[in-house]
Each structure stands twice: as C-alpha cells, then as structure tokens.
Amino acid sequence: MTEALKNTTPAHAATAIPESRNPILLEVNDLKKHFPVQKGFLVTKVVGHVKAVDGVSFFIREQETLGLVGESGCGKTTTGRLILRAYEPTAGEIWFNDQQMGRVNVPDLDRHQLKLLRQNMQMIFQDPYSSLNPRMTLLQIVGEPLLVNKVAKGGELQDRVAELLRVVGLRPEYMTRYPHAFSGGQRQRIGVARALALNPQLVVCDEPVSALDVSIQAQTLNLLQDLQEQFGLTYLFVSHDLSVVEHISDRVAVMYVGKLVEAATTDALFRHPLHPYTEALLSAVPKPDPRLRTEPIVLQGDVADPANPPSGCYFHPRCQYAIDRCSTEGPELRELEPEHFVSCHRAEELQLMGVLGRVTA
Amino acid sequence: MNNNRELLVEVKNLQTYFFLDEGTVHAVDGVDFNIHRGETLGVVGESGCGKSVTARSILNIVPKPGKTVGGEILYHRKVKGVEQTIDLTQMEPQSSEMRSIRGAEIAMVFQEPMTSLSPVHTIGNQIGEAIRLHQGLDQAAARELAIEMLDLVGMPLPDRTIDEYAHQLSGGMRQRAMIAMALSCHPSLLIADEPTTALDVTTEAQILKLMRQLQDELGMAIMYITHNLGVIAQMTENVVVMYMGKVVEQAEVDTLFYDPQHPYTRALLQSIPRLGQKTARRGAGQRRLASIRGMVPDPYALPKGCPFHPRCSEMVAGQCDQTEPQMIEVAPGHKVRCLACTGV
C-alpha cells in the first residue's frame, strides 16, 4: 500500500489484503501538474494555474491492467504522460520498479537514467494517424527505438522488426511500406509493435481504441490482452469508455477535475460504486439493449474548470447527494473497504447504484 | 408496425457515387428505407459504410466529386395543408425550393459542433439567420425566438449565451446550440449524424434525454446515424444496418438486438464489450471479445458476390463469393440481405 494512502486509511478498514497478489510495479504519490496560465504580450505574466493533475495517488501491480477513466479534461492523459515524464511533474513521487535500475523515483532521474527508464516504459497513442510519421517506413518506425537504444542494427534490426510485426498480426513483408498504406486498425498495430520493441515492463495506453471502428476495436483489445499474457506486460489503460475499461481492467481508478475520486477492483467499482460521480458515469453509458431503457442520472451543468475549481469537493455543484459540508471541505481519498479507495464525505451512508442495480449492504 | 403512421421520406434504390481519379467509389449503392412521421430511425455501420453520405444525399449536400446517380428520395411534404410529394434527387442543390426545405423542413445536426458552427458569428446570429431566412421574421423577433429555442434545449442563461461565440461554449453547450438551430424552424425530419460521438458520457446522456424530450414535444421524425449500438438501443424504434454502401439488415430495434439474422449484425453485436457483463459474470468466463476478422474491404475493389463474404464466419464457398444476395423480408418489417436467409 502506498505511503500517502496509508496515512488516510481509517484504522477499521485495515483488513488484510490477499498475499497472493503480484508485487507493485508503479506507485504514484500525490502527483501534481499545474500548467501556468499566461497573459500579456512580450511581457508575460502568470495569472493562474490549470490544475490538470492535483494530488493523484495510485499503484499498479505487475502484469495487471489499471483502467484510468474520466471525462475529457479530467487529467487522465496528463497523468499517463507524467508517468513517462513526457511532462515534468509539479510535485509528487512516481516510484517505478525498473528491471535494470531497481526502484527509482521517476522525477529524480537524470537524462541518462531517463533513457534507460523509457526502455521499460512505453506508450500507445490514441490517434493512429497523427502518431506515426508519414515519411518513415514501418522498418524505420518500429526499428527506431531499437536503433536509438543501440539494441540492434542492420540485419538483426530487420529480423527483430519482422518478428515484432508478426507478433502484432502484420505481415513482415509490409516492412518497407509507409503508414498511409494501412487502415486505422493496422496503424494501431504498428503503434503497438513500436511500443513493444524494447520489451517494456509498463505500457501506458492512451485511449488506444477510441479512434477505431467497433469491429476493429475488438481485434485490438484482444491483441492487447494476448500480448499482456505473452510478455507479462503491465498496462495503464487510459480511456473514457467505461464498457471497454470494464472489459480489460483488473482495477479501475476514476478521475474528476484532476483528482482521483475512486479506485477499486473492477468488480467492486462496477458492482457497488462508492462515489456519486462513478454512479453517474455508470448510469450515463447507453446500454446496448433495447429492453433495458433506463433513465440515466443526468448531471447538471458542465465539468468544473480546473483553472478555477469550486470550493470543497469539486463535484459538489453537480452532486445530487451534496450536503453543506461538501461545499466547504474537500474530502480525502480513504480506503473504505480493502483496496477500495474513495474520496467522498458521505461514502459510508450512501447506497449507490452499480451496473447491476442497487446493492444493499 | 408503422402502418398507422404517414410516410415522410421514402428512399428508393439510392445510389451516390464518388468519381475520383483512382476510380469510382460506390459510397451508397442501392439503399432503400422509409421514414414515417414521428419515427426514430437508427442507421448503424462502421466508418465508410455510407451512412453519412446517405444523410447528405437526402439534404442534397453531397460534396464533390460525389453525385447521386440513381434512385429516388420521395419527400412527402405538407404545404399549407396540401400534400405534395417531391423527389429530392431531382432538385438542383442550389435551387430556392431545395433551400426552403433544407434547414427548415429537414434539418441536420453534425458530429463536430466546433467545425459546423461559425467561429466569427455569435450563436444568436447563426440561429437568427436560419429563422429570418425560413420564417421571414425581422431581427428583433428572430432574436426573441432564438432565445426561446436556446431555453428549450436547456441552455443556461440563454439571453447571455446568445451573444457568445462558439469557442466560449463547452462541447455540450455547442451541441445544444446546434440542436437549437436545427429545431428553430420546426423540421419534420431531423437528421442527427453522430451528434454525441465527440461528447463525454455524462454530456451525451444530457443530449440524448433532450432529444427524446424534444421529439415528444415537437413530434418530428429523427434519423439517427451512429456507430454506437448503445445509443441505437436506447434511442431508436427501427434500425437500418449498413455495410459497404448497402443496407444488410433492417428491423425493429428489439428484433435487431434479440433476433439478428445477418452475420454482420450478429458479429457487430457480439464484438462490443457490454457494460455490466463482466461484473455479472464476476469476472469469470470468456475474456476475449468475439471479433470480425479482417477489415472493411477496399472501396475501389469490392469483393464479388456478397461484400461481407471475406469476413463472414458463415461463408459458403461457391455461393457467397459468386452471387450477390438480394434483400428479402424474413418477417413483417424485418429485411435481410444474406443468401443464408434466402435459402439458396
């Protein structure tokens, strides 16, 4: 369990967690990213900060998939990028159990160490069109990480790229072609092959199937699961699609306006959510069954502005269960049940609706 | 099923082709369906199946080098109580009559509210333009009506929002503004082309609820184009499934989800992860999704026979790759284009 979370854990909830679970690979503590808002021309002045990620803590075990869900602007993509240090974090710790360097805090690494780290941490992007260089062949795209890190060159490089293409279900003969010759689903496979080139431990998947058609989505999700089994990969799966996240994740974390509002095993989160926002999200998904025409919980208004968030709990202006306390005091993330973290003042008393209906305790 | 409702639009053997240097793309290739007054028709399919081009053909706004080359779109309009039937494919896109229909009697909501709203005009200006043009009201009256429409679609502070620009609004607000504009002239048919695809789920829930409410209040027909089967199940009465420019199955929504006949429809339904399914199984059981093998064929080189046969799990060699299936009615209101259903 993480340090930050331990501090906020109520004593009665400290029930033992099954020992059989895999060791923790990545641990994020109180991670923050504040983007400055500048004003003025020539002489610029910082007039405020967009708190894109504002104190997020979670952990991922080896070989598991953690789904990170939330609506646009909630900071889920920024969180993914902070872990790879594509952005410099404003504050917080990112502990990673690197297979070469051991346990390291990502924000402390220097350039050389960062290069080593990125052999073990890779990313798959949302848009398979803009994330592949149109002027590079597949050999160059998939081979680049191998070349840059001096893992392979020449004939060995070709063999390795051919192998990678085969692994993701593309023909090695395609190696000399350019991305434009491929469909969206195939391009996403190229992106996956590139991410796998260096045998990473952790892959951050940023909405990897959102831009794909339904039938291609299923193929890609199956591929990601197969590769996970084959290579023992760990995924941070960032997505706004709750059905996909439920399908692929072992555990799920929900973000709202830069903060983590709930985290639990997939089953617990979908069966009996503890945060009103999670409940609303689950009810809002249109169910593909005409006999289940449910009336979703319609949230009032829009997602709060992360540059100017409301007082207290960020969700209180839209929350149907809000009480006076919610508008003055921001809730802490606490472990209400073993491995089920929530930040809501009223989590104990509320009986919220999961995907299978209301579960009474 | 719909016998008691009047016909509004009949699409018959519609063919819209795109003439490109590389060849001719049969984007819409013999599509038939009807829309009745007050009905919600869903159109599903993957990208490139021709669902958006069908919608644009109805409005006569197929972008060049596309052209409607065959078939008819019969629109049954009521002008001052007199019934009239016109074929929209025969009209000039720029003609005054087409313009009087487009936007007024048949309106459209597009997927991307940011690209379909003008960035240099205020919201009120854009809604007001449609009202002034189609209803002949003056500035002040048009503004009043625009505020009324914004209020109807649940825009907070409509009298302030009306003077704002598109970039000042959130995605959900922009889509509300689009809907307000589309509904401002009380259309008899609203074509919604992926209206919630770019939105978050909670915003999507707001917009879907709004559209249902407005349909109840205004009684218009909606042609709902989407690739999201969840939205289809929640919003529509009848569904048309398209693949490679053709309708492959057409049925009432309940029949389509509970008794799909075409292998493509069945595969689509199986390939989506369903919310609650894994939780209901307690995480046990099958971990993989059923997927459709291969990908959508190259539009320049359509396979012979049934266009779906290279990906179909029930393909019969010597049949499906030779004979093109015809649409047959397997039950009242349930049509399928598959040789297996023809009994060949």
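Residues numbered from 1 in each chain as written. Chains lettered and ligands numbered in written order. Predicted model: local features only at pLDDT ≥ 70, side-chain atom pairs only at ≥ 80, totals over all residues.

## Some details on the overall build of chain A
Thought 1: Along chain A, the regular secondary structure elements total 11 helices and 14 strands.
Thought 2: Relative to its length of 361 residues, chain A is compact, with a C-alpha radius of gyration of 21 Å against a globular reference of 21 Å.
Thought 3: By residue count, 47% of the 361 residues in chain A fall in the buried class.
Thought 4: Considering only residue pairs separated by 6 or more positions, chain A has 64% of its internal contacts joining residues 24 or more positions apart. (Helix = DSSP H or I, 4+ residues; strand = E, 2+ residues; numbered from the N terminus. Rg over C-alpha atoms; globule rule 2.2 N^0.38 Å. Buried ≥ 20, exposed ≤ 12 C-beta atoms within 10 Å, placed from the backbone. Contact = placed C-beta atoms within 7 Å.)

## Observations concerning the overall build of chain B
Thought 1: Helix and strand counts for chain B stand at 13 helices and 12 strands.
Thought 2: Relative to the compact-globule value of 20 Å for 344 residues, chain B shows a C-alpha radius of gyration of 21 Å, a close match.
Thought 3: Its C-alpha atoms put chain B at 70 × 55 × 45 Å along the principal axes.
Thought 4: Across the 344 residues that make up chain B, the buried fraction comes to 50%.

## Section: the interface of chain B and chain A
Thought 1: In this assembly, 42 residues from chain B lie in contact with 40 residues from chain A.
Thought 2: Breaking the side of chain B that touches chain A down by element, the ones donating at least two residues are α8 (201-218), α9 (229-235), α10 (253-258), α11 (263-271) and α12 (277-280) of chain B.
Thought 3: Among the elements that take part in the side of chain B that touches chain A, α8 of chain B stands out by supplying seven residues, more than any other.
Thought 4: For the side of chain B that touches chain A, a count of residues per class yields 18 nonpolar, 14 polar and 10 charged. (Nonpolar A, V, L, I, M, F, W, Y, C, P; charged D, E, K, R; others polar.)

## Observations concerning the pairing of strand β10 (residues 246-252) of chain B
Residue and element names in this part refer to chain B.
Thought 1: Counting buried positions along β10 gives seven out of seven residues, so the element sits mostly inside the fold.
Thought 2: When strand β9 (residues 238-243) meets β10, the two strands line up antiparallel, connected through six bridges. Bridge pairing in β10 places V240 opposite Q250.
Thought 3: Taking the residues that link successive antiparallel strands as the turn, the β9-β10 hairpin has two residues, and the phi of M244 there is positive, at about 50 degrees.
Thought 4: Relative to strand β12 (residues 334-336), β10 runs antiparallel, the two being bridged by two bridges. (Pairing = 2+ DSSP bridges.)

## Quick notes on helix α6 (residues 184-196) of chain A
In an α-helix, one turn spans 3.6 residues; hence positions three or four apart end up facing the same way.
Residue and element names in this part refer to chain A.
Thought 1: Taking 1.5 Å of rise per residue, 13 residues should cover 18 Å, and α6 covers 19 Å from first to last C-alpha, within 8% of that figure.
Thought 2: Counting buried residues in α6 gives 12 out of 13 residues, a clear majority hidden from the surface.
Thought 3: Taken as a whole, α6 has its buried residues at G185, Q186, R187, Q188, R189, I190, G191, V192, A193, R194, A195 and L196.
Thought 4: Each element contacted by the buried residues of α6 is listed here: β6 (121-124), α4 (138-148), α5 (154-167), β7 (202-206) and α7 (214-231). (Expected span 1.5 Å × (residues − 1).)

## Points about the confidence of the model for chain A
Thought 1: Looking at chain A as a whole, its pLDDT mean stands at 89, while 93% of the residues score no less than 70.
Thought 2: Overall, residues 1-19 of chain A carries pLDDT values under 50, and its contacts beyond four positions in sequence, including any with other chains, amount to 27 contacts. (pLDDT = per-residue confidence, 0-100.)

## A closer look at the sheet that holds strand β10 (residues 259-265) of chain A
Residues and elements named next belong to chain A.
Thought 1: The eight strands lie next to each other as β6-β7-β8-β3-β9-β10-β12-β11, forming an open sheet whose pairing is mixed. With one partner strand each, in any of the chains shown, β6 and β11 (334-337) form the two edges of the open sheet. When strand polarity is set aside, the average angle formed by the axes of neighbouring strands in this sheet is 25 degrees.
Thought 2: Here β7 pairs with strand β8 (residues 234-239) via five bridges, running parallel. Considered in β8, the bridge of C205 is made with F237. (Axes fitted to C-alpha atoms, helices over the stretch in contact; angles between N-to-C directions.)

## A closer look at the sheet that holds strand β2 (residues 45-61) of chain A
Residues and elements named next belong to chain A.
Thought 1: Here four strands make up an open sheet; going across it, the order is β2-β1-β4-β5 and the pairing antiparallel. The open sheet has two edge strands, β2 and β5 (102-105), and neither has a second partner. Taking the axes of each pair of neighbouring strands and ignoring which way they run, one obtains an average angle of 20 degrees across the sheet.
Thought 2: Of the strands in this sheet, β1 (24-39), β2 and β4 (91-98) are in contact with helix α2 (residues 76-83), which crosses β1 at around 115 degrees.

## Remarks on unusual backbone geometry
The phi angle of most residues is negative, glycine excepted, and most peptide bonds adopt the trans form.
Thought 1: The step from K64 of chain B to P65 of chain B runs through a cis peptide bond, and the omega angle for that step is 0 degrees.
Thought 2: With respect to the helices and strands, the residue P65 of chain B is situated in the loop between α1 (51-59) and β4 (66-79).
Thought 3: Phi is positive for Q63 of chain A, close to 65 degrees, though the residue is something other than glycine.
Thought 4: With respect to the helices and strands, the residue Q63 of chain A is situated in the loop between β2 and β3 (65-69).
Thought 5: Even without a glycine there, the phi angle at E339 of chain A is positive, about 65 degrees.

## Structural notes on the nonpolar core
Thought 1: L236 of chain A together with L189 and M223 of chain B are the most contacted members of the largest nonpolar core, which has 192 residues in total.
Thought 2: Looking at this core, the element that brings in the most residues is helix α7 (residues 171-183) of chain B, giving eight residues.
Thought 3: Those residues in contact with M223 of chain B that sit more than four places away from it in its chain are I35, L41, V43, A55, L189 and I191 of chain B. (Core = buried A, V, L, I, M, F, W, Y, C linked by C-beta atoms within 7 Å.)

## Here we look at the packing of helix α4 (residues 123-135) of chain B against α7 of chain B
Geometrically, a packed helix pair is captured by the angle between its two axes and the distance between the axes.
Residue and element names in this part refer to chain B.
Thought 1: The interhelical angle for the contact between α4 and α7, taken along N-to-C directions, is 20 degrees, at an axis separation of 8 Å. By the angle class used here, α4 and α7 are roughly parallel. Crossing of α4 against α7: the hand is right-handed. In this structure, α4 uses I123, Q126, I127 and A130 to contact α7, whose residues at the interface are A177, A180 and M181. (Parallel < 35°, antiparallel > 145°, perpendicular 65-115°, else oblique. Left-handed = near helix turned anticlockwise from the far one by under 90°.)

## A look at the pairing of strand β3 (residues 40-44) of chain B
Residues and elements named next belong to chain B.
Thought 1: With five of its five residues buried, β3 lies for the most part within the structure.
Thought 2: Neither face of β3 is exposed, since T40, G42 and V44 on one face and L41 and V43 on the opposite face are all buried.
Thought 3: Direction of pairing for β3 relative to β9: parallel, over a ladder of four bridges. Directly across from V44, in β9, lies its bridge partner V241.

## Some points on the environment of L138 of chain A
All names here are of chain A.
Thought 1: Tracing the backbone through its elements, the reader meets L138 in helix α4.
Thought 2: Judged by C-beta crowding, with 26 C-beta atoms within 10 Å, L138 ranks as buried.
Thought 3: Here the alpha-carbon distance between L138 and L165, two residues 27 residues apart in the chain, equals 9.0 Å.
Thought 4: With sequence-adjacent residues up to four places away left out, L138 is seen in contact with L165, Y174, M175, R177 and I190.

## A closer look at the environment of G38 of chain B
Residues and elements named next belong to chain B.
Thought 1: For G38, the location among the structural elements is in the loop between β2 (23-36) and β3.
Thought 2: Remark: the alpha-carbon pair of G38 and G219, spanning 181 residues in sequence, is separated by 5.2 Å.
Thought 3: Discounting chain neighbours no more than four positions away, the residues touching G38 are R5, G219 and A221.

## Topic: the environment of E329 of chain A
Thought 1: Looking at where E329 of chain A falls in the secondary structure, it is placed in the loop between α11 (324-328) and β11.
Thought 2: When the C-alpha positions of E329 of chain A and Q63 of chain A are compared, they lie 37 Å apart, and in sequence the two are 266 residues distant.

## Here's the deal with the packing of α6 of chain A against α7 of chain A
Residues and elements named next belong to chain A.
Thought 1: Two elements in contact, α6 and α7, have axes separated by 10 Å at closest approach and are oriented at 15 degrees. Comparing their axes, α7 and α6 come out roughly parallel. Considering how the two elements wind past one another, α6 and α7 form a crossing that is right-handed. Contact with α6, carried on its side by G184, G185, Q188, R189, V192 and L196, involves I216, Q219, T220, L223 and L227 of α7 and no other residues of that element.
Thought 2: When the residues that make up the contact of α6 with α7 are grouped by side-chain class, the tally is five nonpolar, five polar and one charged.

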